[in-house]
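Each chain, written out:
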Amino acid sequence: MRTETTLPEPDVSTAVLDQRSAAKLDALYERLTSERKVSIGYPCNQQFDYAPLYRFMEFAVNNLGDPFSGSNFRMNTHDFEREVIMTFARLTGIRGEDCWGYVTNGGTEGNMYGLYLARELYPDGIVYFSEDTHYSVSKILRLQHTRNIMIRSDHTGEMDYRDLEESIRIHRDVPPIVFANVGTTMTGAIDRLDRIREVLERQCTPNAYIHVDAAFSGMILPFVDDPPPWHFGAGADSISISGHKMIGSPLPCGVAMVRKTHMERISRSVEYVGALDTTISGSRNAITPLMLWYALRLHGDDGFRELVGESLRKAAYVEKALKEIGVGAWRNPDSVIVVFPRPAASILDKWILASSGDISHLIALPGVSWDTLDEFIDDMQRETGTAA
Ligand SMILES: Cc1ncc(COP(=O)(O)O)c(C=O)c1O
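Since the model is a prediction, treat every value here as computed from it, not as a measurement. (Residues numbered from 1 in each chain as written. Predicted model: local features only at pLDDT ≥ 70, side-chain atom pairs only at ≥ 80, totals over all residues. Heavy atoms only, no water.)

Structurally, the position occupied by Thr 146 is in the loop between α4 (136–144) and β3 (147–151). We classify Thr 146 as buried; its relative accessible area is 6%. If we ignore the near neighbours within four places in the chain, the residues touching Thr 146 are Arg 119, Gly 125, Val 127 and Leu 141. (Helix = DSSP H or I, 4+ residues; strand = E, 2+ residues; numbered from the N terminus. Buried < 20%, exposed > 50% of the residue type's maximum accessible area, 1.4 Å probe, protein only. Contact = heavy atoms within 4.5 Å.)

The domain architecture assigned to the protein consists of domain 1 (39–48 + 300–384) and domain 2 (54–297). The centre of domain 1, based on its C-alpha atoms, is set 27 Å off from the matching centre of domain 2. Counting residues at the interface gives 28 residues for domain 1, matched by 28 residues for domain 2. Where domain 1 abuts domain 2, roughly 2,200 Å² becomes buried across the two surfaces, and 67% of that area is made up of carbon and sulfur atoms. A per-residue breakdown of the area domain 1 buries against domain 2 is headed by Phe 304, Val 308 and Asp 334, which together make up 27% of the total. If you look at where domain 1 meets domain 2, you find one salt bridge. In this structure, Asp 301 and Arg 90 form a salt bridge, with 2.8 Å as the shortest nitrogen-oxygen distance. Counting across the interface, domain 1 meets domain 2 through eight residue pairs in polar contact (both at pLDDT 80 or more). Those elements that place two or more of their residues in the side of domain 1 that touches domain 2 are α9 (287–324), β10 (337–341), β11 (354–356) and β12 (359–363). In the side of domain 1 that touches domain 2, the residues fall into 15 nonpolar, ten polar and three charged. (Domains from an automatic or database assignment. Buried area = accessible area lost by both parts, 1.4 Å probe. Salt bridge = Lys/Arg side-chain N within 4 Å of Asp/Glu carboxyl O. Polar contact = N/O pair within 3.5 Å; in protein donor to acceptor, adjacent residues only side chain to side chain. Nonpolar A, V, L, I, M, F, W, Y, C, P; charged D, E, K, R; others polar.)

This part covers the sheet that holds β12. Reading across from one edge, β10-β12-β11 is the order of the three strands in this open sheet, with antiparallel pairing throughout. A strand with exactly one partner marks an edge of an open sheet, and here the two such strands are β10 and β11. Between one strand and the next, the sheet's axes are offset by a mean angle of 25 degrees, whatever the strand orientation. Pairing of β10 with β12, which is carried by five bridges, proceeds in the antiparallel orientation. Following the sheet pairing, Phe 340 is matched in β12 by Ser 360. (Pairing = 2+ DSSP bridges. Axes fitted to C-alpha atoms, helices over the stretch in contact; angles between N-to-C directions.)

Attention now goes to the packing of aromatic side chains. For the coordinates displayed, the defined rule picks out eleven aromatic pairs. Look at Tyr 113 and Tyr 116: their rings are 6.0 Å apart centre to centre, the planes differ by 75 degrees, and that puts the pair in the edge-to-face class. You can see Tyr 113 and its partner Tyr 116 sitting in helix α3 (residues 107–121), three residues apart, about one turn around the helix. Taken together, a centroid distance of 5.8 Å and an interplanar angle of 45 degrees make the contact between Phe 340 and Phe 376 tilted. Here Phe 340, found in strand β10, pairs with Phe 376, found in helix α11 (residues 370–384); they are 36 residues apart in sequence, far enough to count as distant. For the residue pair Phe 340 and Phe 376, the accessibility class agrees, reading buried in each case. Here a set of aromatic residues connected by ring pairs shows up, and it is made of Trp 100, Tyr 102, Tyr 113 and Tyr 116. (Phe/Tyr/Trp six-rings, centres within 6.5 Å; stacked < 30°, edge-to-face > 60°.)

As a further point, take the nonpolar core. In terms of nonpolar packing, the biggest core is built from 82 residues, with Phe 88, Val 212, Met 219, Leu 322, Phe 340 and Phe 376 touching the most fellow members. Top element by residues in this core is α9. It accounts for 14 residues. Two domains each put at least three residues into this core: domain 1 (39–48 + 300–384) and domain 2 (54–297). Aside from chain neighbours lying at most four places away, what touches Leu 322 is Val 327, Ala 329, Val 338, Phe 340, Phe 376 and Met 380. With 20 residues, the next largest nonpolar core counts Tyr 102, Val 137, Tyr 209 and Met 263 among its residues. (Core = buried A, V, L, I, M, F, W, Y, C linked by side-chain atoms within 4.5 Å.)

The next subject is the site of the ligand. Residues in contact with the ligand, as listed here, are Gly 106, Gly 107, Thr 108, Asn 111, His 134, Gly 183, Thr 185, Asp 213, Ala 215, Ser 242, His 244 and Lys 245. Between Lys 245 and the ligand, the recorded distance is 2.9 Å, taken from a side-chain N or O atom to an oxygen atom. Computed on the free molecule, the ligand has an accessible area of 390 Å², of which 85% lies beneath the protein chains in the complex. Of all the elements in the fold, those that place two or more residues in the shell around the ligand are α3 and α7 (244–248). Per-element tally for the shell around the ligand: the top contributor is α3, with three residues. Grouping the amino acids of the shell around the ligand by side-chain chemistry returns one nonpolar, nine polar and two charged. (Near = heavy atom within 4 Å. Areas by Shrake-Rupley, 256 points an atom, 1.4 Å probe, with all protein chains shown as cover.)

For Thr 384, the location among the structural elements is in helix α11. Judged by its relative accessible area of 39%, Thr 384 is partly exposed. If we ignore the near neighbours within four places in the chain, the residues touching Thr 384 are Ile 325 and Val 327.

Relative to the assigned elements, Val 224 resides in the loop between β5 (209–213) and β6 (238–242). Under the relative-accessibility criterion, Val 224 is labelled buried at 11%. In this structure the C-alpha to C-alpha distance between Val 224 and Asp 334, which are 110 residues apart in sequence, comes to 7.3 Å.

Our next topic: the side chain of Ser 167. Inspection of the secondary structure puts Ser 167 in helix α5 (residues 161–170). Relative accessible area serves as the criterion here: at 10%, Ser 167 is assigned to the buried category. Excluding its chain neighbours within four sequence positions, the residues that come into contact with Ser 167 are Tyr 128, Ile 149 and Ile 151.

Okay, here's the thing in structure tokens:
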């Protein structure tokens with residue numbers, strides 16, 4: 001019961017930040033605005049407008065539980081999430097009824113999910129992954145205590161299938177779990193599923209699992225002509241794709257896509273939330289499924305084909321221009337990542353590029369303008385001292 005001494009509830013609608021805090025936010029806004037212009041090394045598309053979704057920020061929404069099983073907590077966006085998964089099913093070569101998935105926090109969680117399923121199906125399995133695999137994968141394998149073997153890559157970043165075959169041959173008594181990169185982080189190289197399956201068939205390993213890390217290229221390959229075999233149609237058991245990379249989103253996100261029969265082996269029901277506990281996190285973001293849904297609807301396949309085509313044209317342009325000024329730039333097929341020798345410190349001071357060892361790269365994302373690319377090429381030209 002309310003008494004006279006009860007404190008009044010704070011009126012959050014009229015509360016304002018003190019001046020110092022407000023200024024700190026303004027400074028952050030300015031910094032991010034200027035850094036966005038030179039951020040060309042990481043696969044985060046900065047070109048999007050989710051303003052029509054801002055009104056949903058007033059709700060405490062949460063997508064906990066399996067998006068396909070329903071939950072007691074009805075303040076969710078599960079129906080949008082299901083539509084997102086069904087769209088990705090179409091893009092990754094699997095019938096909706098054969099597939100299950102959910103919206104993740106990003107590519108890492110999708111990889112963790114695929115490797116978790118694989119380990120549940122084949123507890124003694126060994127994971128084979130190439131040396132060009134994203135750094136987070138060895139951490140996932142450590143977390144899961146899964147046996148694993150690193151496989152050599154060739155100079156383009158693609159898995160060395162002979163090394164894969166030799167390693168599987170030596171361990172033929174345990175099921176192989178092959179972690180395939182469909183677009184490596186540094187060079188965008190693609191581990192071909194047809195070559196991996198040939199290896200598995202030659203080594204007579206019927207109990208095998210293929211997980212595909214398509215963090216970035218999973219939203220490129222559906223929109224190019226004649227992509228290499230990379231998805232469920234080519235034998236993948238699970239696929240991880242990031243949402244904030246090619247599609248673009250202010251909040252990290254992605255999708256974990258799996259063959260439904262695999263997921264059914266691990267699902268269990270939890271009474272408290274009235275949902276199937278099939279996802280890794282309990283509480284899950286309900287806004288990112290809306291963003292993905294919105295972007296997929298807004299652009300449609302034709303829009304994404306256009307965006308991907310333009311990115312590939314920009315990548316080809318930079319590669320050619322850098323070669324013309326004497327920089328040894330190169331690209332893998334169907335990749336918007338332009339690789340070149342690590343440039344001088346002055347270039348790395350100004351531009352946000354990604355570097356590893358003696359190489360660096362830029363990524364010709366839809367939001368990177370032709371003018372920005374020209375400015376970068378000019379800077380590189382000044383640095384190398386070569387006339388264009
Ligand atoms: C090939 C690859 N896999 C996984 C990841 C991790 O994805 P996320 O940052 O969305 O967790 C990345 C990130 O760049 C990546 O390039």
